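Letter by letter, the chains look like this.
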There are 4 protein chains.
Amino acid sequence: LRMASTGVNVAGLQKDKAYVGGKWVTAKSGKTFEVTNPANGKILGSVPDMDRSDAQAAIEVAYKTFQSWKTTLPKERSNILRRWFELCVKHKKELATLITLEMGKSFPESEGEIAYSSNFLEWYSEEARRIYGDVTPTPASNKRVMVIKQPVGVAAMITPWNFPSAMLTRKVGAALAAGCTVVAKPAEDTPFSALALCELAEQAGVPPGVFNVITSSRENASPIGKELCENPLVSKISFTGSSTVGKILLSQCASTVKRTSMELGGNAPFIVFDSADVDKAIQGLMFAKFRVTGQTCICANRILVQEGIYDKFVQALAKAIESQLKVGDGFEPGVTQGPLINARAVEKVEGLVNSSVSDGAKVIVGGSRKDGPGHFFNPTLLADVTTDMRVSTEEIFGPVAACIRFKTEEEAVTIANSTSYGLASYFYTSDISQSYRVSEALEFGMVGVNESAMTGPETTFGGWKESGLGSEGGKHGIDEYLQFKNVCYGIQPKP
Amino acid sequence: LRMASTGVNVAGLQKDKAYVGGKWVTAKSGKTFEVTNPANGKILGSVPDMDRSDAQAAIEVAYKTFQSWKTTLPKERSNILRRWFELCVKHKKELATLITLEMGKSFPESEGEIAYSSNFLEWYSEEARRIYGDVTPTPASNKRVMVIKQPVGVAAMITPWNFPSAMLTRKVGAALAAGCTVVAKPAEDTPFSALALCELAEQAGVPPGVFNVITSSRENASPIGKELCENPLVSKISFTGSSTVGKILLSQCASTVKRTSMELGGNAPFIVFDSADVDKAIQGLMFAKFRVTGQTCICANRILVQEGIYDKFVQALAKAIESQLKVGDGFEPGVTQGPLINARAVEKVEGLVNSSVSDGAKVIVGGSRKDGPGHFFNPTLLADVTTDMRVSTEEIFGPVAACIRFKTEEEAVTIANSTSYGLASYFYTSDISQSYRVSEALEFGMVGVNESAMTGPETTFGGWKESGLGSEGGKHGIDEYLQFKNVCYGIQPKP
Amino acid sequence: LRMASTGVNVAGLQKDKAYVGGKWVTAKSGKTFEVTNPANGKILGSVPDMDRSDAQAAIEVAYKTFQSWKTTLPKERSNILRRWFELCVKHKKELATLITLEMGKSFPESEGEIAYSSNFLEWYSEEARRIYGDVTPTPASNKRVMVIKQPVGVAAMITPWNFPSAMLTRKVGAALAAGCTVVAKPAEDTPFSALALCELAEQAGVPPGVFNVITSSRENASPIGKELCENPLVSKISFTGSSTVGKILLSQCASTVKRTSMELGGNAPFIVFDSADVDKAIQGLMFAKFRVTGQTCICANRILVQEGIYDKFVQALAKAIESQLKVGDGFEPGVTQGPLINARAVEKVEGLVNSSVSDGAKVIVGGSRKDGPGHFFNPTLLADVTTDMRVSTEEIFGPVAACIRFKTEEEAVTIANSTSYGLASYFYTSDISQSYRVSEALEFGMVGVNESAMTGPETTFGGWKESGLGSEGGKHGIDEYLQFKNVCYGIQPKP
Amino acid sequence: LRMASTGVNVAGLQKDKAYVGGKWVTAKSGKTFEVTNPANGKILGSVPDMDRSDAQAAIEVAYKTFQSWKTTLPKERSNILRRWFELCVKHKKELATLITLEMGKSFPESEGEIAYSSNFLEWYSEEARRIYGDVTPTPASNKRVMVIKQPVGVAAMITPWNFPSAMLTRKVGAALAAGCTVVAKPAEDTPFSALALCELAEQAGVPPGVFNVITSSRENASPIGKELCENPLVSKISFTGSSTVGKILLSQCASTVKRTSMELGGNAPFIVFDSADVDKAIQGLMFAKFRVTGQTCICANRILVQEGIYDKFVQALAKAIESQLKVGDGFEPGVTQGPLINARAVEKVEGLVNSSVSDGAKVIVGGSRKDGPGHFFNPTLLADVTTDMRVSTEEIFGPVAACIRFKTEEEAVTIANSTSYGLASYFYTSDISQSYRVSEALEFGMVGVNESAMTGPETTFGGWKESGLGSEGGKHGIDEYLQFKNVCYGIQPKP
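Computed from a predicted model, the values in this text were never measured in an experiment.

So, on to the overall build of chain A. Counting secondary structure elements, chain A contains 14 helices and 22 strands. Since a compact globule built from 495 residues should have a radius of gyration of about 23 Å, the 23 Å found for chain A is in line with a globular shape. Dimensions of chain A, computed from the C-alpha atoms along their principal axes, are close to 80 × 60 × 40 Å. For chain A, the proportion of its 495 residues judged to be buried stands at 67%.

Given below as structure tokens:
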């Protein structure tokens, strides 16, 4: 498979087998499933369609390997992660090509993802050496206490298709740095990016059995998820995906009291106050709304604009959409808006738009799918949106900007918080006091103040309410794979 | 109700109503249930038998109150908790009396619990002022990032009967310090201690609606638990109790992606190596095994003694049990072993002993229940216990010391870890290297090295594996009631 | 000595002896010196005029006591500090009366100081329990490393007259919490506040020899300082006072490589940008400039006003000065501006004003000393001040507001930083980006943004450049009295 | 200059000019001085003999460069340090050759130093990204407070000859990571290692003016030191060297209230208790005593052996010295003991040995200098040493093991602490309680328990008492180049 347009040869990194125990393996059943390019429907290849028994086998390998991996020195783990990082950087063109092929985002976006993705490996290679415990102040003259942090054990991961590389490294980097071993299951749409990471991990010296990737079709995803949740040899589940699936997994995790990290859905408000710099706000929104064609969990979902600038803002936004966005195959130069992931996704977005229009929203730009092959939807701007329309209450996950009008700060905050989601939020203002008030009042794990690009390895990424549990990245990300141990020595204080 | 033996008048603190929204309330149904003294079966009084609708009402009060409580200044919350602490110290005799009355532990133990319990309020009054966020190193010249910690919201708590005061303050202290409001449901056996805390909280200035306690019989416990888990207005559940119930609650929490802290069952190994100071080990074991008549989740459950000293150790232990322990009503001077909590408990312990004896264990001391009224079981020492006997695989929760023989360090660690529990563990050795090796290898959240008394406000208390999620006390306990918010400002780096 | 106006009897707290080794002692020489009230020149009493030999004796007591005090449990030290705090609160009226008597600030200000002062004892009673060490990630399989913090030893303190109580508790609280013992020498103008603290410390249970206060006249201050600096039994000097004296002490500390904390002079800029809320800025400035009659090291010294609002600002400031300030004896109701500390201080301020007027500054309000007894100077507003006038380059330490005009942000920052001092700074703006830019660019240890009241126990207080070394208060204040110890165990990783 | 024995060509890295502002420069005076090989007295080359005016010029460059360097992003500084690290690793043979040439340590030791030295650059490249500030809990509803850390400014460094590379990277790595610029002056014996680091820094992308190295002869060292201490453009001095020089520098730093880090002399006790594993203790001592021919500040100086094993221990030590050590040119295979640094050093060691023998010490092994060219001294074992002999009270800095007999733990601790030094200490025991008691009681910044190799980038290295101020390496090392800024925002809490 060689990309004509980019001239990048991905042959060495596109794998058609899963990776368990340091070996490239087929499903026990021998079954496979096909992966297609959402920009044109062409088949890219196939990978093993593993089932619950394959998951179980991978878990056993990971559990056995954990017994030795957990005692490696922090610096050894650091070195391995560093080499993995360097190999990802070296192969960034191939890795980016795989992303655009299997999930459609524009090639520059894919390159951006690989930079982002690799940075997690670098970050955690450094964090591995900084797992400090505490010496607790002595509670009694004959006691000495310390609290150390140790790896939780086997970490299972289920990752999504919208950032097929970064959502994996963000978890695996932390897990390996902490001393955990991993069984990961990528989304069925995007297995190639995960498998390519295995190849580079092996080259980097990740020992066999430390990082295992199992692939499956949509049909087997559920039983595999169940195995990962219920197998007592797994100590931790980290999942990024929909709230619906997240809740099922949480429920399955109960019987083994498993530690869980959940990065689930969002319904991000993007608030523009009258005092905002409108140009900056538009610029911020274009990124927050249309990156990856609107398919990220932190994409602006509800655009709240204060009445004093509402009309001006909508007008400027329409102009920006029309002049800055180009829909098409992600490899085509200039394209910013690749396809949606699949036909279901297009239908869903179309349904949301139609429903909202029925309920009174006005289409200012776009509003419909794009003809021809591939799962494309035209960038859309809806005005006169209200908070009860489906486009406001559901996660859009597509290129639809829905603008709501509000009057007061209090009203904006109330609307923003009126959701069970609590992932990302954004607001633009030029008032210092308001910047503190609103950032403190928003019930979201991330708040952008006059800024919409806020992710990266140093960022504490995590959702409030039903958007998730735990956090990834930043100073605290590695803690999700560690547990405390309180060690109390009894001593004789006098000779 | 006035205790003849101690001369303590508990009238002012023994409440017969629940406490919601700053008011003493009955169940909506008007029902009540009786509470009895396990030492003699006498009825101590009755309290409201609330149901799911009462729980819902309390949650709504707590949610509404949270909107203002969360914005109180840290120092205000600190002051209130401090006053509460001081009132508990002032009323320690009454509070201790209530404990011995409703759950039977010896009065000195009850006094110890009140000291322990109060200390959490003091600790968290101090922690309230130390909720530091981070200023994150700047990722780009036009961004400034901080990560702040904010209270999660309404925290629901379900607490056990074995430490009816301390298990509540350990949670409530942290929650209130963090800025959360609370709905707590104490065990049906021990509501009075919880209600007495409400009275003192009110005197201390805890505002109405911040700390709410609902009481119920065993029958209503399950629907109330369900409400606490499933109501979206509750953000956090903290439970201390059995692993069985914990798993049910976890499962119910899934649908609202609730944050959870679980302190569940244990099966603590107590390892004595050949090089140990046997006198110290015996002394440590007497506390680890027989405190609260063996009814704590960190009580030594499996006593592993290395073959070189096994016989000597068992002999010394028998002597210690016979000379140091006295069974009886907790108010009787000199009594160290109060009753078990109820008839079911006695039956369970008796069953475990009989089963083990059938399987070959030898009774060295005790072995049977004590005749007469009250739920008493005689302190028991079993030798020749093996790892497959029920007394080894189940949590005993009674005064039965079960001694297992082992040969090597590796064997001891393997046996110790061969359980799905991971709460407390203990070992005695005089070898420095072994002290590090074994404390690192034990898969338990707490390890006592030549020490068996290791709890207190400064201790990071929490279980591994199926013994729990999260931790209480110590430097990290308050984090269970906080969540991160990543705030990213976009700025213009040049004027 | 009984204050007629306040009706407060200070007899129990006004001591005429120094306090060493838990005893009230005279100077070895038997000499004493008199203390006077700066508001009227009346003699308040006399205290021992100790010399170098007395200092040496006190150091020896403190050193001997350190050997036991350092091993007290954190909680014991915490309890003692807490009781001391409570006694200060209980006696706040007496303590405040002593302050106004010996240094002149208005009685409400003195009450404020006692609240502020006591809060440090409370803060450090809590910090005492939170001296965490680190368990360092293992560098080799046969090593285990921890870094603990231990008290440095005897801490000597030299404290100023402008906050005779708070500048002492801020140091002593930290030192005692850390486990250090103390020899303190208060300013000769204000020994009574320090001695009153000794009385309460004793009542609180501070053991004999832990907190020692030696008093001396101006003449003996220098040899005593030398002894404190050069005696090898002293491990730490903490000084608050002038940069001139600070540099001498630093030089004397070199020969014993002593740890030092220095809180020295300031030359605080107070910048008002065109976009500022002028009312808020005036309000902030009135506090920053005129608190304690301008006699604090963080008082606004150079008032930089942007040209767009300069005239309006000066006008509003003149009005505020005239309407809000009242000069007089600190006990007189309504007085806000007590006397300066002594005649030298009045002369110095007068000289600065006259010199600046000669150089072209315009007197808008005040400008001269107040007739009659006592060391009073009228609140003064100077306009058309330039950066080279003495009032700009020297620390005024009096009620003189000197307004300078500037054009650009860059110019304001350059002027502000053009001093060897780096303690406090203030600026007012309504521009978010500017708030970050300027707060980051100012070379000062403290920056108030639209705020001028920023001290308290939680504040990290410390100067940059020649304004000091180390910091007091806040999360890090106790570290000044602690030192790291890296402990590395060699172990055998395998049995 | 090409090393025949190792075949390493150092031509590209051996520089004969100083490095200032990114340029290779001569002294303004044009003077130079010669550097010789201590193993044979041959001249290795010459470098500029700079004077105070050169220092001043370098400071000005560094100060100017600081204005831009301080605002570089943490990640940029991290990347540069990483590249520097990688270049050092790449050129380790050349760098090690330079060390052995200019200061004589054995080539394997030099290779070890380069690994050690490079690791600091790696460590600080990672630390650069982890300079977290604090968001302080809100003290009032209208205030928001954060404490950020900013670089102190120009850091001057004076480094010793015994680790000509590592003592520099340990400081420069931290300084550059923090955002400081540097002026460094290496010891006159070993300028080449420092200049080689400049070459690699330039290749790594360290911008001109960020890292400046000035060289001087012994005669100019003093005036240059004075300039570095007194120039107000320098904010920080970090010195590693003798206590004598350290005290002079400290005194000179007073007039500008400069921040200082001092790593000065030591007089390390090495205690062997009766219960110790003698083989391990001997092994540990051979490293602690004879590494770098006894010329490190953490070398064991006083060997305290408990009476029960004293004779056995001395005998075993004699055997180890005779069988394991080989004196000679550091390039010669098998050599472990290179020359001392110069003739003065040999004379000093000889004097200490002779004086102690006169006072009653017994020579068991060695005792004299080695004949022939080069500054060699034979490895020496002295028994019957007492605490008052010069060999006990002075820092030996040579290959002389002085064994003292003691009876009790208390006695050993008292002897160990009876020195004004407090750098490293070591003890061997098999008693857990004793290991805690003694490690806590020793007044030294570093304690090895059954371990004598305890340095590395993760180690908190620093002395107590007159052995120094501040610490290097580890979690806290970067703090020496940072200062706190407390930023307090005033806000309106309600809209």
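It is worth spelling out the relation of the copies chain A and chain D at this point. Superposing chain A onto chain D requires a rotation of 180° together with a translation of 0.0 Å along the rotation axis, leaving an RMSD of 0.0 Å. As the rotation angle and translation indicate, the two copies are arranged about a two-fold axis. In terms of C-alpha distance to the rotation axis, chain A has A:Glu126 as its closest residue, with the C-alpha 3.0 Å off the axis.

A separate point is the pattern of salt bridges. Under the counting rule described, the total for this entry stands at 120 salt bridges over all chains. For B:Glu472, the salt bridge is made with B:Arg170, and the minimal N-O distance between the two is 2.7 Å. Of this pair, B:Glu472 sits in the loop between strand E21 (468–469) and strand E22 (482–490) while B:Arg170 sits in helix H5 (residues 166–178); the two residues are 302 residues apart in sequence, bridging distant segments of the chain. By relative accessible area, B:Arg170 is classed as buried at 3%. In this structure, C:Lys465 and C:Glu443 form a salt bridge, with 2.9 Å as the shortest nitrogen-oxygen distance. Pair noted here: C:Lys465 is in strand E20 (residues 464–465) and C:Glu443 is in the loop between helix H14 (432–441) and strand E19 (446–449), with a separation of 22 residues, a long-range link. What makes C:Glu443 buried here is its relative accessible area of 16%. Put simply, A:Lys75, A:Arg129, A:Arg130, D:Arg82, D:Glu86, D:Glu122, D:Glu126, D:Glu127 and D:Glu458 are held in one network by salt bridges that share partners.

Before going further, it helps to examine the interface of chain A and chain D. Taken residue by residue, the interface counts 29 residues in chain A and 29 residues in chain D. Around 2,600 Å² of area is buried between chain A and chain D when both sides are counted, 47% of it from carbon and sulfur atoms. It is A:Arg129, A:Arg130 and A:Tyr436 that lose the most area in chain A upon contact with chain D, and together they represent 23% of the buried surface on that side. Applying the counting criterion to the chain A and chain D interface returns 14 salt bridges. The shortest N-O distance in the salt bridge between A:Glu122 and D:Lys75 comes to 3.1 Å. Inspection of the region where chain A meets chain D yields 18 residue pairs in polar contact (both at pLDDT 80 or more). Listing elements by their share of the side of chain A that touches chain D, those giving two or more residues are helix H2 (74–90), helix H4 (107–127), strand E6 (143–151) and helix H14 (432–441) of chain A. Tallied by class, the residues present in the side of chain A that touches chain D amount to ten nonpolar, four polar and 15 charged.

Once chain A is rotated about the relating axis by 180° and shifted along it by 0.0 Å, it coincides with chain B to within an RMSD of 0.0 Å. In this assembly the copies share their binding face: 100% of the residues contributing to the interface of chain A also contribute to that of chain B.

Residue-level contacts link 58 residues of chain A with 58 residues of chain B. Summing both partners gives a buried area of about 4,800 Å² for chain A against chain B, and 53% of it is carried by carbon and sulfur. On the chain A side of the contact with chain B, A:Val257, A:Trp464 and A:Asn486 bury the most area, a combined 14% of that side's loss. For the pair chain A and chain B, the interface holds 38 residue pairs in polar contact (both at pLDDT 80 or more). If you tally residues by element for the side of chain A that touches chain B, the top one is strand E22 (residues 482–490) of chain A, at eight residues. The sheet contact formed by strand E19 (residues 446–449) of chain A and E22(B) spans four bridges and is parallel. Looking at the pairing, A:Met446 lines up with B:Asn486 of E22(B).

Another aspect to go through is the domain arrangement of chain A. All names here are of chain A. Domain assignment breaks chain A into domain 1 (18–264 + 469–484) and domain 2 (268–456). Just the C-alpha atoms count here: the centres of domain 1 and domain 2 sit 31 Å apart. Contacts between the two partners involve 24 residues from domain 1, matched on the other side by 26 residues from domain 2. Taken together, both faces of the contact between domain 1 and domain 2 bury some 1,900 Å²; the carbon and sulfur share is 62%. Our count for the contact surface shared by domain 1 and domain 2 stands at four residue pairs in polar contact (both at pLDDT 80 or more).

Centre-to-centre distance and the angle between the planes together describe a pair of aromatic rings. As enumerated under the stated definition, the model contains 48 aromatic pairs over all chains in all. Plain terms: the ring middles of B:Phe270 and B:Tyr426 are 5.6 Å apart, the flat faces sit at 35° to each other, and that makes the pair tilted. Taken as a pair, B:Phe270 in strand E12 (residues 268–272) and B:Tyr426 in strand E18 (residues 424–428) lie far apart in primary sequence, 156 residues in all. Assessed through its relative accessible area of 1%, B:Tyr426 is described here as buried. Measuring from centroid to centroid gives 6.2 Å for C:Phe273 and C:Phe427, while their planes differ by 85°, and the two rings are edge-to-face. With a gap of 154 residues between them, C:Phe273 in the loop between strand E12 (268–272) and helix H9 (278–290) and C:Phe427 in strand E18 (residues 424–428) connect regions that are remote in the sequence. Looking at C:Phe273, the relative accessible area reads 1%, which means it is buried. Three or more aromatic residues link up through ring pairs in this structure, and these residues are A:Tyr436, B:Tyr489, C:Tyr436 and D:Tyr489.

Turn by turn, an α-helix covers 3.6 residues, leaving residues three or four places apart pointing in a common direction. Between its first and last C-alpha, helix H9 (residues 278–290) of chain B extends 17 Å over 13 residues, near the 18 Å set by a 1.5 Å rise per residue. At the N-terminal boundary of H9(B), the capping side chain belongs to B:Asp277, with an oxygen 3.1 Å from the backbone nitrogen of B:Asp279.

The next point concerns the side chain of D:Glu126. If you trace the backbone, D:Glu126 turns up in helix H4 (residues 107–127). The buried category is assigned to D:Glu126, whose relative accessible area is 1%. In this structure, D:Glu126 is in contact with A:Ser78, A:Glu126, A:Arg129, A:Arg130, D:Ser78 and D:Arg82, ignoring residues within four places of it in sequence.

Next up on the list: helix H13 (residues 409–417) of chain B. Taken together, the buried positions of H13(B) are occupied by B:Glu409, B:Ala412, B:Val413, B:Ile415, B:Ala416 and B:Asn417. Considering only its buried residues, H13(B) is in contact with E12, strand E13 (300–306), strand E16 (400–406), helix H14 (432–441) and strand E20 (464–465) of chain B.

This part is about the packing of helix H3 (residues 92–103) of chain C against helix H6 (residues 191–204) of chain C. All names here are of chain C. Packing of H3 against H6 brings their axes to within 8 Å, and their N-to-C directions diverge by 160°. Looking at the two axes, H3 sits roughly antiparallel to H6. Considering how the two elements wind past one another, H3 and H6 form a crossing that is right-handed. Along its contact with H3, which presents Leu95, Leu98, Ile99 and Glu102, the element H6 presents Pro191, Phe192, Ser193, Ala196 and Leu200.

Attention shifts here to the environment of D:Ala184. Residues and elements named next belong to chain D. Mapped onto the elements of the fold, Ala184 is located in strand E8 (residues 181–186). Classification of Ala184 by relative accessible area gives buried; the value is 0%. With 106 residues separating them in the primary sequence, Ala184 and Ser78 have C-alpha atoms 20 Å apart.

Bringing the state of the cysteines into the picture now. One pass over the full model with this rule turns up zero disulfides over all chains. Cysteine A:Cys403 shares no disulfide, and the gap to the nearest cysteine sulfur, in A:Cys299, comes to 14 Å. Relative accessible area serves as the criterion here: at 0%, A:Cys403 is assigned to the buried category. The thiol sulfur of D:Cys299 is not disulfide-bonded, and the nearest other cysteine sulfur, from D:Cys297, lies at 8.2 Å. Residue classification places D:Cys299 among the buried positions, given a relative accessible area of 4%.

Moving on, we come to the packing of helix H13 (residues 409–417) of chain A against H14(A). When two helices pack together, their arrangement is given by the angle between the helix axes and by the axis-to-axis distance. Residue and element names in this part refer to chain A. Between H13 and H14, the shortest axis-to-axis distance is 10 Å and the interhelical angle comes to 25°. Judged by the inter-axis angle, H13 sits roughly parallel to H14. Between H13 and H14 the crossing geometry is right-handed. Contacts from Glu409, Val413 and Asn417 of H13 reach H14 at Gln434, Arg437, Val438 and Ala441.

Another point: the pairing of strand E10 (residues 234–240) of chain A. All names here are of chain A. When you tally the buried positions in E10, you get seven out of seven residues, the bulk of the element. Alignment of strand E7 (residues 154–159) against E10, held across five bridges, turns out to be parallel. Its bridge partner lying in E10, Val154 is registered against Val234. Across five bridges, E10 lies against strand E11 (residues 259–263) in parallel orientation. Each residue of the ladder has a partner; that of Ile237, found in E11, is Thr260. Handedness of the β-α-β unit built from E10, helix H8 (residues 243–253) and E11 comes out right-handed.

Conventions used here
- Along each chain, the written sequence defines residue order, and numbers are assigned to residues from 1.
- Chain letters start at A and ligand numbers start at 1, both assigned in the order the entries are written.
- In view of the model being predicted, local features appear only for residues whose pLDDT reaches at least 70, and side-chain atom pairs are presented and counted only at 80 or more, with totals across whole chains, interfaces and linings using the full set of residues.
- The side-chain values count all of the structure's non-hydrogen atoms but skip hydrogen atoms and water molecules.
- Only DSSP runs of H or I with at least four residues qualify as helices, and only runs of E with at least two residues qualify as strands; both kinds are numbered from the N terminus onward.
- With C-alpha atoms as the basis for the radius of gyration, the globule rule is written as 2.2 Å multiplied by the number of residues raised to the power 0.38.
- Working definition: with a 1.4 Å probe on protein chains only, accessible area under 20% of the residue-type maximum means buried, over 50% means exposed, and in between means partly exposed.
- When the copies are superposed, the least-squares fit takes in the C-alpha atoms of residues with a pLDDT of at least 70 in both.
- What makes a salt bridge here is a side-chain nitrogen of Lys or Arg within 4 Å of a carboxyl oxygen of Asp or Glu, nothing more.
- Between two residues, a contact is recorded if the distance between any of their heavy atoms is within 4.5 Å.
- Note on definitions: buried area is the accessible-area loss of two parts on being combined, 1.4 Å probe, summed for both.
- Between N or O atoms, a polar contact is any pair within 3.5 Å; within protein, one atom must be a potential hydrogen donor and the other a potential acceptor, and residues adjacent in sequence are included only when both atoms are from side chains.
- Note that Gly is not counted as nonpolar here; it falls among the polar residues with everything else outside the nonpolar set of Ala, Val, Leu, Ile, Met, Phe, Trp, Tyr, Cys and Pro and the charged set of Asp, Glu, Lys and Arg.
- DSSP bridges decide pairing: two strands pair if at least two such bridges lie between them.
- These domain boundaries are the output of an automatic or database domain assignment.
- Two aromatic rings, drawn from Phe, Tyr or Trp (for Trp, its six-membered ring), form a pair once their centres lie within 6.5 Å of each other, and the interplanar angle then sorts them: stacked below 30 degrees, edge-to-face above 60, tilted otherwise.
- For a helix, the expected span equals 1.5 Å multiplied by the residue count minus one.
- For every element, the axis is a line fit to its C-alpha atoms; helices are fit only across the contacting stretch, and the angle between N-to-C directions ranges from 0 to 180 degrees.
- Roughly parallel here means an angle under 35 degrees, roughly antiparallel means over 145, roughly perpendicular means 65 to 115, and every remaining angle is called oblique.
- Crossing handedness: left-handed means the near helix sits turned counterclockwise from the far one by under a right angle, and right-handed means the same turn made clockwise.
- By convention in this document, the label disulfide applies to cysteine sulfur atom pairs within 2.5 Å.
- Place the viewer so that the strands point away; then a crossover is right-handed whenever the path from the first strand over the helix to the second strand goes clockwise.

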